[in-house]
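Descriptive structure summary
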Amino acid sequence: MSNLEEHPIELDCSSDAGVATDADALHMEVLTARDVPLGGPRAMTVRRTLPQRSRSLIGAWCFIDHYGPDDVAARGGMDVPPHPHTGLQTVSWLFTGEVEHRDTMGNHAMVRPGEINLMTAGHGIAHTEVSTAQATMLHGVQLWTALPAAHADTPRDFAHHRPLDVVMGGVTAKVFLGELFGSRSPVDTFTPLLGAQLDFAAGASIDIDVEPTYEHGILVDAGTIAVAGTGAAPLARTELGYLGLGAQRLTLTNIDDAPARVILLGGTPLGEDIVMWWNFIGRTHDEIVAFRDQWMAHSDRFGQVAGYDGDIQHLPAPELPRTRLRPRTNTPGHA
């Protein structure tokens with residue numbers, strides 16, 4: 001997915017991360033989303049919880065868009081023209097609907113509920129995303145992970161996987177990245193990561209043994225989720241709870257009398273500062289400027305997407321700010 005903001009936030013993302021100080025008392029930072037229109041006069045609105053000024057990274061996770069349920073027939077759905085990426089992996093995950101993906105490797109794939117499509121941009125790639133005519137409702141998340149400097153220039157790649165359900169009482173898990181509940185995703189990442197969908201029956205609760213060297217994020221798609229031991233109010237729909245390093249167990253409870261759904265994210269701190277602007281991740285302002293210039297010049301770095309029939313065949317990049325990209329540091333947290 002492209003960041004279609006006309007004035008993207010300038011981010012120099014710090015590698016700072018929080019550390020737990022008491023295993024029996026967890027601290028959770030609650031991040032609220034901002035609405036971002038996804039292009040066009042009938043734009044679909046997405047809710048963006050990462051990045052923001054108070055926090056830029058959760059492990060290597062650097063971008064979280066949450067959208068729907070959206071009536072595609074009434075609002076026009078998703079139609080993102082050819083656009084570029086560098087230095088990251090995109091993770092597409094749907095709850096409802098269908099999205100057609102095309103990229104400059106020649107991949108033509110469908111994003112469907114419960115199936116992960118992971119695209120590695122690395123050195124550079126371009127792609128399109130269009131909701132299909134078969135999709136009456138569109139509902140899901142679009143996630144990015146930052147590649148570490150040692151792999152930021154890696155070749156393009158694409159992977160697809162459908163995880164099996166793991167059922168534990170009133171909770172069903174789909175582990176699309178990393179390992180949890182004995183289920184391991186075969187999809188490769190460049191830093192240790194966790195990504196899972198958790199579906200809760202009404203009133204259901206689960207204890208999750210988590211990796212204490214990970215930061216974690218809990219994104220609530222539906223329902224109201226209490227996180228034990230934090231002293232914080234339960235997480236409401238669209239909120240993202242952040243816990244820093246050191247947590248060994250998370251107890252999540254759906255306190256509603258209707259089903260709930262959560263996306264659980266985690267990962268080891270990236271340990272590097274990155275600069276993220278528009279659809280690019282680099283290490284310096286000058287590198288971002290070069291990426292933009294190359295995209296606007298139709299460079300072979302990104303290639304061309306075949307088969308997209310929209311009016312815009314090469315999405316123009318926004319204008320760069322007149323000043324150098326400013327540093328933005330994460331607010332240290334602790335679990």
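Counting of residues starts from 1 at the beginning of each chain's written sequence and follows it residue by residue. Confidence filtering applies because this is a predicted model: local features only for residues at pLDDT of at least 70, side-chain atom pairs given and counted only at 80 or more, and all residues used for totals across whole chains, interfaces and linings. To get the side-chain values, all heavy atoms of the structure are used, and hydrogens and water are removed first.

Right, let's get into the sheet that holds strand S8 (residues 99-103). With antiparallel pairing, four strands are arranged side by side in an open sheet as S6-S11-S8-S9. A single partner strand is all that each edge strand has here, and the edge strands are strand S6 (79-85) and strand S9 (108-111). Pairs of neighbouring strands in the sheet enclose a mean axial angle of 20°, with direction left out of account. Paired strands, as defined in this entry, are two strands with at least two bridges between them according to DSSP. Elements are defined by DSSP. Helices are runs of H or I of four residues or more, strands are runs of E of two residues or more, and each kind is numbered from the N terminus. Fitted lines through C-alpha atoms serve as axes, helices being fitted only where they are in contact, and the angles separating the N-to-C directions of these axes extend from 0 to 180 degrees.

The subject of this paragraph is the sheet that holds strand S19 (residues 205-209). One open sheet holds the three strands; their spatial order is S19-S23-S21, and the pairing between them is antiparallel. If you trace the sheet from one side to the other, it starts and ends with S19 and strand S21 (225-227), each paired once. Each strand of the sheet is rotated relative to its neighbour by a mean of 25°, with strand direction disregarded. Both S21 and strand S23 (residues 249-254) contribute to a ladder of three bridges, which runs antiparallel. What sits directly across from Val227, in S23, is Leu252.

It is worth spelling out the packing of aromatic side chains at this point. Ring pairs are drawn from Phe, Tyr and Trp, using the six-membered ring of Trp, whenever the two centres fall within 6.5 Å, and their geometry is named by plane angle: stacked under 30 degrees, edge-to-face over 60, tilted for the rest. Applying the stated criterion to the full structure yields seven aromatic pairs. Judged by centre distance (3.9 Å) and plane angle (15°), the rings of Phe63 and Trp144 are stacked. With Phe63 in strand S5 (residues 61-71) and Trp144 in strand S12 (residues 137-146), the pair connects residues that are 81 residues apart, well separated along the chain. Each member of the aromatic cluster is reached from another via a ring pair, and the members are Trp277, Trp278, Phe280, Phe291, Trp295 and Phe302. Our definition puts a charge over a ring when NZ of Lys or CZ of Arg is within 6 Å of the ring centre and also within 35 degrees of the ring normal. For Arg55, the ring lying beneath its charged end belongs to Tyr242, and the centroid distance is 3.8 Å. Note that Arg261 overlies the ring of Phe95, its terminal NZ or CZ placed 4.4 Å from the centroid.

Once that is clear, we can look at the pattern of salt bridges. Salt bridge, as applied in this entry: a Lys or Arg side-chain nitrogen positioned within 4 Å of an Asp or Glu carboxyl oxygen. For the structure on display, the rule yields 15 salt bridges. Glu179 is the salt-bridge partner of Arg184, the closest N and O atoms lying 2.8 Å from each other. Arg184 gets classed as exposed once you look at its relative accessible area, which sits at 57%. Burial classes: relative accessible area under 20% of the type maximum marks a residue as buried, over 50% as exposed, and values in between as partly exposed (1.4 Å probe, protein chains only). Residue class for Glu179 comes out partly exposed when judged on its relative accessible area of 44%. With its nearest N and O atoms 3.6 Å apart, the salt bridge here joins Arg292 to Glu319. One end of the pair, Arg292, is in helix H2 (residues 285-296); the other, Glu319, is in the segment after H2, with 27 residues separating them in the sequence.

This paragraph deals with the UniProt feature "binding site: Fe cation" (unreviewed entry) in the protein chain. When the UniProt feature table is mapped onto this chain numbering, "binding site: Fe cation" (unreviewed entry) sits at His83, His85, His127 and Glu129. For the annotated residues, spread through 47 residues, the largest C-alpha to C-alpha distance comes to 13.4 Å, consistent with a single compact locus. Turning to its location among the elements, His83 is positioned in strand S6. For the purposes of these results, a polar contact is taken to be a pair of N or O atoms within 3.5 Å, where, inside protein, one atom must be able to donate a hydrogen and its partner to accept one; residues adjacent in sequence count only when each atom of the pair is a side-chain atom. A distance of 2.8 Å separates the side chain of His83 from the backbone oxygen of Pro81, its partner in a polar contact. Among the structural elements, His85 can be located in strand S6. UniProt positions are given in the numbering used here, feature names are shortened, and annotations may be inferred rather than shown by experiment.

Across the chain, the bulk of peptide bonds are trans and the bulk of non-glycine residues have phi less than zero. A cis amide bond links Leu50 with the next residue in sequence, Pro51, at an omega value of 0°. Residue Pro69 follows Gly68 across a cis peptide bond; omega there is 0°. In this structure, Pro69 sits in strand S5. Of note in the backbone geometry, Trp278 takes a positive phi value of approximately 55° without being a glycine.

One less than the number of residues in a helix, times 1.5 Å, gives the span that helix is expected to have. Between its first and last C-alpha, H2 extends 17 Å over twelve residues, near the 16 Å set by a 1.5 Å rise per residue. For H2, the complete set of buried residues consists of His285, Ile288, Phe291, Arg292 and Trp295. Down the axis of H2, the smallest arc covering the buried residues is 120°, so these residues share one side. Contact criterion: two residues are considered in contact whenever any of their non-hydrogen atoms come within 4.5 Å of each other. As for H2, its buried residues are in contact with S6, strand S11 (125-131), strand S25 (274-277) and strand S26 (280-282). Of the residues trailing H2, His298 is marked for its positive phi of about 60°. Arc, as used here, means the arc of the directions from the helix axis to the C-beta atoms.

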